[in-house]
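# Architecture at a glance
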Amino acid sequence: MKLTPFIDPLPIPQYLTPLERHKCFSYYEIGMKEFFHEFHSELTPTKIWGYEGQFPGPLVNVNSGECAHIKWKNELPDKHFLPIDRTLHGSSEHMPDVRTVVHLHGAEVEPESDGHPEAWFTNNYHTVGPVFDSTVYKYNNNQRAATLWYHDHAVGITRLNVYAGLVGMYIIRDEEERKLKLPSGAYEIPLIIADRGFNEDGSLFYSDTTTVRPGPVQPGLTFPHPSVTPGEAFENITVNGKVWPYLEVEPRKYRFRILNASNERFYKMNLSNGQKIIQIGSDGGLLETPVYMDALTIAPAERMDVIIDFSKLAPDDTVVLENTAATPFDFPPPIGTLPDPETDGQIMQFRVVELTGPDTSKVPAILSNIPKLRECDAAQTRDITLDADIDEYGRLKFLFNNKGFMERIDFKPKLNDTEIWRIINTAGATHPIHIHLIQFQILDRIPFDAQGFTANGLLSFTGPPVQPDVNERGWKDVVQSPPGFVTRVIMRFAPFTGRYMYHCHILEHEDHDMMRSFEVVERKCGCKNNCICKEHKPKRKCECKKNCRCHGKCTCKKTCTCRKKKSNHPSKEERRHKKCPTCPPCSETYRCECE
């Protein structure tokens, strides 16, 4: 079904008001509902799911350090309207069809509020997953100002739930950002981009089988229907829930917070008039300086904070935000498909109207300070291979270190340790890798002999390290890992301990086992002498019995004058003012003030 572009205005998601404001936290309730949504004026309304009955969900807006408690409520029907593959982990016949759990992507949170894939729950919490902990998630927001997003993360059906509409944006603000005088208010607009497919009747289309079957089905098995696919991309590009919308803009600067909420599709975005896009922030907040880009390549789950200056355009001028990325990314034909300039080659249109007032916003030359993590401080370097495999049904499958989701945890970084992870991509395609809990910095990408490594395990580099693009040199939580490169990232594991996930953010890959756990563990004290990590209580040793001359019942204890042996260890008062000379500093564990 071919739709006419640029006939519907861009919807602007509204900010959510908390139900209660307490001294130490704000309290929200956000329900997941089924409803009918108009994606385009030429389409009949489409049945989808959304937070608070909206697609995308409402904007959550908090200040850095402001604690938010959110009760996520599953108010969805019992049956899924998209095809469930019962062969995937967590999706067998005995499991409920509709399971949800919310992950706040980019947040530094305790594991109980991270949205573990097996912490799912059904309508009214009737059935819950094995690691379900609480109906209310606590977000401390003790991190830099940044554009985060919330989305479903239920094991085995994340791709379906997100495609059904369970996505929304979450913004953290701080004083540093406010002082910059960036475009704000009506001139700061979220752009949540996601592709969708439609049937002739306007209903949502999602493939129920795959044609990519490089291997045979193992004896005794039958190829499943429905079946997971290696990825899903569609020709209709939605922005804030509308297919190819337009936005009226004044000839002035605008700030756009861009999120790629697509399942598989990458976008390579440029403006049709050749104008540069000014990027000021990435996943983890502001960059150090503005970066002027001809085009921006954004992977699924990445965020880009940009400014577009329309001041040199005249009323009635139009500019189109275009897309030139092939799908699957970045394969040339015949494997990849280049975007059609009339469909998935365009994202939205800007229409210039009259200026209503002076533009006092700025693009400062210096935005922020980002302390660089040093390689020499890394306690450990870990290797993660991205491997292409064939499952028992002959389907293409991607793994980390040739291990699936349920296998034993083998990454256990210590709290506050800095580590380097080398992502070794032998899998033949670019994968967007997301690590929960932390923000990292990209060190470089080094070309290597992928065939040789697959054959004998020898990592042989074939060229010098390639520095990250200038717009990748801030804090990140998603990194594009291209094939034939070792992508190196460095991070510090804090402020919490517990189990977290890392996974590919192509959602079909994530559901099909390209997800693993890691566990941040407490550091054991390595001190031997004068350790003040724990309180040591010296034993009292009485010497009276040695010289006892009592006849009958001994009364020495009553007259004992032995004194408590003086401890070599510092007193409680001394410990308050002294730090252990050997042990690393304690975690900056951030919790809500009232807890």
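The structure we're discussing is the one just above.
Residues numbered from 1 in each chain as written. Predicted model: local features only at pLDDT ≥ 70, side-chain atom pairs only at ≥ 80, totals over all residues. Heavy atoms only, no water.

In terms of helices and strands, the protein carries five helices and 31 strands. Expressed as a percentage of its 595 residues, the buried residues of the protein come to 56%. (Helix = DSSP H or I, 4+ residues; strand = E, 2+ residues; numbered from the N terminus. Buried < 20%, exposed > 50% of the residue type's maximum accessible area, 1.4 Å probe, protein only.)

All right, on to the pattern of salt bridges then. Pairing is possible between side chains that carry opposite charge, provided their charged atoms lie close to one another. Evaluation of the coordinates by the stated rule reveals 38 salt bridges. Here D359 and R252 are joined by a salt bridge, their closest N and O atoms 3.0 Å apart. Here the residue D359 occupies a position in the loop between β22 (346-352) and β23 (378-390), and R252 occupies one in the loop between β14 (246-249) and β15 (253-260), the gap between them amounting to 107 residues. (Salt bridge = Lys/Arg side-chain N within 4 Å of Asp/Glu carboxyl O.)

Taken together, the five strands give an open sheet; going across it, the order is β14-β22-β21-β16-β19, and neighbouring strands pair in mixed fashion. Across the chains shown, the open sheet's two edge strands, defined by having one partner strand only, are β14 and β19 (296-298). Adjacent strand axes in the sheet meet at a mean angle of 25°, parallel and antiparallel pairs treated alike. Here three bridges tie strand β16 (residues 267-271) to β19, and the two strands are oriented antiparallel to one another. Across the sheet, the residue bridging to K268 is T297, located in β19. (Pairing = 2+ DSSP bridges. Axes fitted to C-alpha atoms, helices over the stretch in contact; angles between N-to-C directions.)

The next thing to look at is the environment of I490. Assignment of secondary structure puts I490 in strand β29 (residues 485-492). Sequence-wise, I490 and Q441 are 49 residues apart; in three dimensions their C-alpha atoms are separated by 5.4 Å. Sequence-distant contacts of I490, defined by excluding residues within four places in its chain, comprise L373, R374, E375, T418, E419, I420, F440, Q441 and L443. (Contact = heavy atoms within 4.5 Å.)

Let us look at the pairing of strand β17 (residues 277-282). Buried residues dominate β17, accounting for six of its six residues. As judged from the five bridges shared by β17 and strand β18 (residues 285-293), these two strands associate in the antiparallel manner. In the sheet register, I277 faces β18, and the bridge partner there is M293. Count of turn residues in the β17/β18 antiparallel hairpin: two residues. Sheet analysis places β17 next to strand β20 (residues 303-309), joined by three bridges and oriented antiparallel. Within β20, the residue paired with G281 across the bridge is D305.

Here the focus is the packing of aromatic side chains. Using the criterion set out here, one finds 30 aromatic pairs in the structure. An angle of 35° between the planes, with centres 5.1 Å apart, marks the rings of F121 and Y125 as tilted. In terms of burial, F121 and Y125 fall into one category: buried. Chaining the aromatic ring pairs together yields one cluster made of F400, F411, W421, F493, Y500, Y502 and F518. Against the face of W120 rests R99, its NZ or CZ located 5.5 Å from the ring centre. When the ring centre of Y246 is taken as origin, the NZ or CZ atom of R351, which lies over that ring, is 3.7 Å away. (Phe/Tyr/Trp six-rings, centres within 6.5 Å; stacked < 30°, edge-to-face > 60°. Lys NZ or Arg CZ within 6 Å of the ring centre and 35° of its normal.)

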